[in-house]
Amino acid sequence: GEHDWAVAQRRACRMSNRLASGNRRDVMKFVAKRLPCTCLKKLHRAARKKVEKMGKCIACSKQFPRSQLYVCTGCMYVDYCSRECQRADRSCHKSHCHSPEVK
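Values in this document were obtained by computation on a predicted structure and should not be read as measured data.

**Q** Explain the packing of helix 2 (residues 24-34) against helix 3 (residues 38-50) to me, using residue names and the numbers behind them.
**A** The interhelical angle for the contact between helix 2 and helix 3, taken along N-to-C directions, is 150 degrees, at an axis separation of 9 Å. In terms of their interaxial angle, helix 2 and helix 3 are classed as roughly antiparallel. At the point where helix 2 passes helix 3, the crossing takes the left-handed sense. Each of Arg25, Met28, Lys29, Val31 and Ala32 in helix 2 lies in contact with helix 3, whose residues at this interface are Leu40, Lys41, Leu43, His44, Ala47 and Arg48. Its residues placed into classes, the contact of helix 2 with helix 3 shows six nonpolar, one polar and four charged.

**Q** Account for the nonpolar core, with residues named and values stated.
**A** If you look at the biggest cluster of nonpolar residues, it comprises 11 residues: Cys57, Phe64, Leu69, Cys72, Cys75, Tyr77, Val78, Tyr80, Cys81, Cys85 and Cys97. Setting aside residues no more than four positions away along its own chain, Cys85 makes contact with Cys57, Ala59, Cys60 and Tyr80.

Each value, and the rule that gives it
- Residues numbered from 1 in each chain as written.
- Predicted model: local features only at pLDDT ≥ 70, side-chain atom pairs only at ≥ 80, totals over all residues.
- Heavy atoms only, no water.
- Axes fitted to C-alpha atoms, helices over the stretch in contact; angles between N-to-C directions.
- Helix = DSSP H or I, 4+ residues; strand = E, 2+ residues; numbered from the N terminus.
- Parallel < 35°, antiparallel > 145°, perpendicular 65-115°, else oblique.
- Left-handed = near helix turned anticlockwise from the far one by under 90°.
- Contact = heavy atoms within 4.5 Å.
- Nonpolar A, V, L, I, M, F, W, Y, C, P; charged D, E, K, R; others polar.
- Core = buried A, V, L, I, M, F, W, Y, C linked by side-chain atoms within 4.5 Å.
- Buried < 20%, exposed > 50% of the residue type's maximum accessible area, 1.4 Å probe, protein only.

Laid out in structure tokens, this is it:
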């Protein structure tokens, strides 16, 4: 239904953000899941052990380990490295956020 479509849209947006940030691990995972090539799957398994999950702060555009980023709880789309970056981006983000509290 409508809820399933909204979930699919959120997942697609989140994945496009990760792929756009140039994170090698996410790109390998995306491609390995979609191509029937065992060599890509082996590369992805090896990268999972060596390459840290990275993300980009939407406000300052710096890359950080994903474990250090905070996600907007309203839309679950964007990541921030700190409360300061979240506050600095609030005026720009609130028009795109799906959370009723932010608008």
